[in-house]
Amino acid sequence: MKTDLTDTTASKINKELVRGRRAIGTPAVGMVLTLVIVTDEENAYDALKAASDASREHPSRTLVVIKRVSRSPRDRTQSRLDAEVRVGADAGTGETVVLRLHGEVVDHAQSVVLPLLLPDAPVVVWWPVNAPLDPANDPLGALAQRRVTDTYACEQPVKELAARADAYTPGDTDLSWTRITPWRSMLAAALDQVACEVQGVEVEGEEFNPSCELLAMWLADRLDVPVRRSHSAGPGLTAVRMDTDCGPIVLDRADGSLATLSIQGQPKRAVALKRRDTAELIAEELRRLDPDDTYASALRYGVERLKSDGSGSPAKGEREAVPAPVEAAAKAPADRATAQAPVNEAAAK
Amino acid sequence: MGFARREWANEDFAQEVHDAVKEHARTPFREEVWQQLIQGMRFVQGTFDDDESFERLRGTIEELDKAQGTGGNFAFYLSVPPRSFPVVIQQLKKHGLADQTGGSWRRAVIEKPFGHDLKSAEELNAIVHEVFAPDQVFRIDHYLGKETVQNILALRFANTMFEPIWNRSFVDHVQITMAEDIGIGGRAGYYDGIGAARDVIQNHLLQLMALTAMEEPASFDADALAAEKTKVLGAVRLPKDLGRDTVRGQYAAGWQGGAKAVGYLEEEGIDPSSKTDTYAAIRLGIDNRRWAGVPFYLRTGKRLGRRVTEIAVVFQRAPHSPFDTTATEELGSNAIVIRVQPDEGVTVRFGSKVPGTSMEIRDVSMDFAYGESFTESSPEAYERLILDVLLGDSNLFPRTEEVELSWKILDPIEEYWDTNGRPAQYPAGTWGPVEADEMLERDGRSWRRP
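All names here are of chain A. Scanning all chains against the criterion turns up 1 disulfide over all chains. C196 shares a disulfide with C246; S-S distance 1.6 Å. Separated by 50 residues along the polypeptide, C196 in the loop between α7 (181-193) and β9 (198-206) and C246 in the loop between β11 (237-244) and β12 (247-252) bring together distant segments of the chain. C212 supplies the cysteine sulfur nearest to C154, a cysteine that is in no disulfide, at a spacing of 14 Å. Using a relative accessible area of 18% as the deciding quantity, one classes C154 as buried. C212 gets classed as buried once you look at its relative accessible area, which sits at 0%.

Attention now moves to the pairing of strand β8 (residues 246-252) of chain B. Residues and elements named next belong to chain B. In terms of burial, β8 is largely enclosed, as 6 of its 7 residues are buried. Two strands pair when backbone bridges link them, and β8 and strand β11 (residues 279-286) are joined in this way by 4 bridges, in the antiparallel orientation. The residue of β11 that forms the bridge with R248 is A280. Examined bridge by bridge, β8 and strand β17 (residues 424-427) share 4 bridges and lie parallel to one another. Looking at the pairing, Q250 lines up with Q425 of β17.

Before going further, it helps to examine the pattern of salt bridges. On inspection of all chains with the given rule, the structure shows 48 salt bridges over all chains. The salt bridge involving B:E163 is made with B:R156; its shortest N-O contact spans 3.0 Å. Each member of the pair, B:E163 as well as B:R156, is classed as buried. The shortest N-O distance in the salt bridge between B:D287 and B:R237 comes to 3.0 Å. Here the residue B:D287 occupies a position in the loop between β11 and β12 (296-301), and B:R237 occupies one in strand β7 (residues 236-237), the gap between them amounting to 50 residues. The exposure class assigned to B:D287 is partly exposed, which follows from its relative accessible area of 46%. Sharing partners across several salt bridges, the network here consists of A:K2, A:E41, A:R68, A:E84, A:R86 and A:R100.

Below, the discussion takes up the domain arrangement of chain B. Residues and elements named next belong to chain B. Splitting chain B by domain gives domain 1 (2-140) and domain 2 (144-380 + 400-442). Taking the mean C-alpha position of each, domain 1 and domain 2 sit 34 Å from one another. In this assembly, domain 1 packs against domain 2 so that about 1300 Å² is buried in total across both faces, 56% of it on carbon and sulfur atoms. For domain 1, the biggest contributors to the area lost against domain 2 are R26, K112 and L118; these three give 45% of the whole. Summed over the shared surface of domain 1 and domain 2, the result is 1 salt bridge.

Let us look at the packing of helix α2 (residues 41-54) of chain A against helix α9 (residues 278-285) of chain A. Between two packed helices, the angle of one axis relative to the other and the distance separating the axes together describe the packing. Residues and elements named next belong to chain A. With their axes 8 Å apart at the nearest point, α2 and α9 run at an angle of 55° to one another. Classified by the angle between their axes, α2 and α9 sit oblique to one another. For the crossing formed where α2 meets α9, the hand is right-handed. Contacts from A50, D53 and A54 in α2 reach T278, A279, I282 and A283 in α9. Its residues assigned to classes, the contact of α2 with α9 shows 5 nonpolar, 1 polar and 1 charged.

In this structure, B:P342 follows B:Q341 across a cis peptide bond, with omega equal to -20°. With respect to the element layout, B:P342 can be found in the loop between β14 (335-341) and β15 (345-353). The phi dihedral of A:D7 falls on the positive side, at around 45°, and the residue is not glycine. Its place among the elements puts A:D7 in the loop between β1 (2-5) and α1 (10-24). A positive phi is found at B:R303, a non-glycine position, where the angle reads about 55°. Along the chain, B:R303 turns up in the loop between β12 and β13 (308-315).

Residue and element names in this part refer to chain A. On the basis of which strands lie adjacent, the open sheet formed by 7 strands has the order β14-β13-β12-β11-β9-β10-β15 and mixed pairing. The open sheet has two edge strands with one neighbour each: β14 (269-272) and β15 (307-308). Inspection of the sheet shows β12 paired to strand β13 (residues 258-263) by 4 bridges, in the antiparallel sense. When the bridges of β13 are listed, I249 appears paired with I263. Of the strands in this sheet, β9, β11, β12, β13 and β14 are in contact with α7, which crosses β11 at around 20°.

All names here are of chain B. A surface patch of negative charge is lined by E435, D437, E438 and E441. Locating E438 in the fold gives a position in helix α14 (residues 434-442). Overall, the relative accessible area of 39% leaves E438 in the partly exposed class.

Residues and elements named next belong to chain A. Domain annotation for chain A reports domain 1 (2-149) and domain 2 (180-347). Each side of the interface is counted separately: domain 1 has 13 residues, and domain 2 has 11 residues. Counting each side, the surface lost to burial between domain 1 and domain 2 is near 1100 Å², with a carbon and sulfur contribution of 73%. For domain 1, the biggest contributors to the area lost against domain 2 are E57, H58 and R146; these three give 44% of the whole. Here domain 1 is connected to domain 2 by 2 salt bridges. The partner of E57 in a salt bridge is R287, with the nearest N and O atoms 2.6 Å apart. One can count 4 residue pairs in polar contact (both at pLDDT 80 or more) joining domain 1 with domain 2. For the side of domain 1 that touches domain 2, the secondary-structure elements that each account for two or more residues are β2 (33-39), α2, β6 (123-126) and β7 (146-149). Counting residues per element, the side of domain 1 that touches domain 2 draws most heavily on α2, at 3 residues.

Calculation rules
- Residues numbered from 1 in each chain as written.
- Chains lettered and ligands numbered in written order.
- Predicted model: local features only at pLDDT ≥ 70, side-chain atom pairs only at ≥ 80, totals over all residues.
- Heavy atoms only, no water.
- Disulfide = S-S within 2.5 Å.
- Helix = DSSP H or I, 4+ residues; strand = E, 2+ residues; numbered from the N terminus.
- Buried < 20%, exposed > 50% of the residue type's maximum accessible area, 1.4 Å probe, protein only.
- Pairing = 2+ DSSP bridges.
- Salt bridge = Lys/Arg side-chain N within 4 Å of Asp/Glu carboxyl O.
- Domains from an automatic or database assignment.
- Buried area = accessible area lost by both parts, 1.4 Å probe.
- Axes fitted to C-alpha atoms, helices over the stretch in contact; angles between N-to-C directions.
- Parallel < 35°, antiparallel > 145°, perpendicular 65-115°, else oblique.
- Left-handed = near helix turned anticlockwise from the far one by under 90°.
- Contact = heavy atoms within 4.5 Å.
- Nonpolar A, V, L, I, M, F, W, Y, C, P; charged D, E, K, R; others polar.
- Patch = residues over 30% accessible without salt bridge, like charges linked within 9 Å, V, L, I, M, F, W, Y side chains within 5 Å.
- Areas by Shrake-Rupley, 256 points an atom, 1.4 Å probe, with all protein chains shown as cover.
- Lys, Arg positive; Asp, Glu negative; His and termini not counted.
- Charge placed at Lys NZ, Arg CZ, Asp CG, Glu CD.
- Polar contact = N/O pair within 3.5 Å; in protein donor to acceptor, adjacent residues only side chain to side chain.

As structure tokens, then:
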């Protein structure tokens, strides 16, 4: 069931939601969270489609906030709110309201969203594009327990990562981080199998893909070893090579779907590491609603402390938010990493 | 029958009623019913201090009584400003309209405000009771006519699963909220100087609290109910430090639900230096065996996030958790929420394991909604209450003692506010001033988002 409301208010939308729900006879409270998607018209369709797929795992009320661009000064002073209320089969499993904001109300989107939040239930805000630099202090972000950004979609992903680290508030997360969950679990499982000590790591992937940096920072943060970030043609992440005292462990994925895991002294194994679509990522992100401490720790390691093979220059400037022990640890193994560089280059394609 | 100053003929009055019925009746408009109703519709033009007008009123009533065969039974619905009360009541008495004779009845319906403090309420009661006996007076508090409010009694006393935990051993605290998304609209003259606490807490919220907290009445008749409500209102204890445990606010300019809203002080007809509260939050205790130590947080306000009234009974956390803290990080407190309006119903919140290989517990809700379990439309609150007046059933009407006890609770708070500070400002469209959040934070709790 789909209803269009033109020049409306949040209270009319609320009434329509109750009416629609009664008309189709489904109760509201199976819904476990409110997902707020803040986007522009261009990305709204894809984002909503992803959210609607994700709602099969997490029944939710989805509020899509579309900020319309006003072309003339007259449009900017006039304020209008249009809504499309979808319940039942048109809205995945849950309810969807597409809110189109025109004119002045664009700057006051939180006033529209606040009355439409489900009682008590957690709120997640997701910016598929154009995420604010400080999500927790964004008026919409402030309503939420979790704030999902996507550095993959921005102009300068690596720079943006540094900004995210500066503004990090518990509850922040990034889809670039979610993308590497299978990699992380595979690498962790691989290391669990062997009793070797990792001495250096190389993460290889396409340029301008912040997932590579995040994976590198995670490894550097957890293993306390120097990590090199090198570039390849993609797609996405292509390989992680770990040098251990009992030989290399390599996870290599050249085609974006099937990877090979090779551990010294063990047969090579094929591992499914498919690049996942946004719906799966969002569904995974919604599984846990408490702050992601591992992400925070990896992010705060600092992009500029990663070693680079030269084609992409590292961000400049000293970072101050870095905890002291890690800083000390990073200095010591630096020479070792350079010593291993030739080995790594040879392994690269 | 209508009585007012405006120059209307019977037909004008009937037309006004006709239009209102056609637009707002919850059942379809039926011409034959309307024809029956219109037979008894009259309008008497007059003023409150004019004897002649009341003579005409009496004449018309007597004439109608004969024509319609109402057997001398009349109910007077006094929708008049408080200052006109004495004169109207006296006029009714003077012209013999209030005298019950030979088996017939006379009843008076009074709307809020029932005074603006204890003293004025006592005066008002004295004036009314001089002419009408206590059992002839019906004070309309339309909240009590709502299905969900009556359902509080059904929920508590017709079931076994709620009452055993309905006490200090299990309940952590209770939050009673009545939020409106509108401003004062055109009611500046009435509202300024009265404020949210007098307008809502004194009657609606304290009544809801009484129904939530009272002991089981011996029976469901008016006397037994009133006795229990009176007992619990009498046991209410005010916070020691009124500055710490009460908060009042005024809405400032902002955006509400996507529309621009002006601040209270900029509303038309409001004194820019007004100290009237449009938001009030107070913490009360109830000194009895059942509730000692359990705070009741009452809040109300205009221009809040959305229009909602609910009672949330929030339970204590489990005394021991065998799960680690990561598993229960997202788990809140169990709660029973009675949604009074809109979307009337009851929600029960508790933790449940999230499907998957790891142990993770998250809040889920179980819901009962009137609109889904009973698709028949329930009577409007006023519909129910007016019927009760005609039947003489005073179950759902607060009595003199309850009104006076409520003022006894609120008066010290109002006095404190009068002499201390100014209302906190909150942007329109939010859930009230930050001071209110801080008030609960000090107690280690937080307001629910209704």
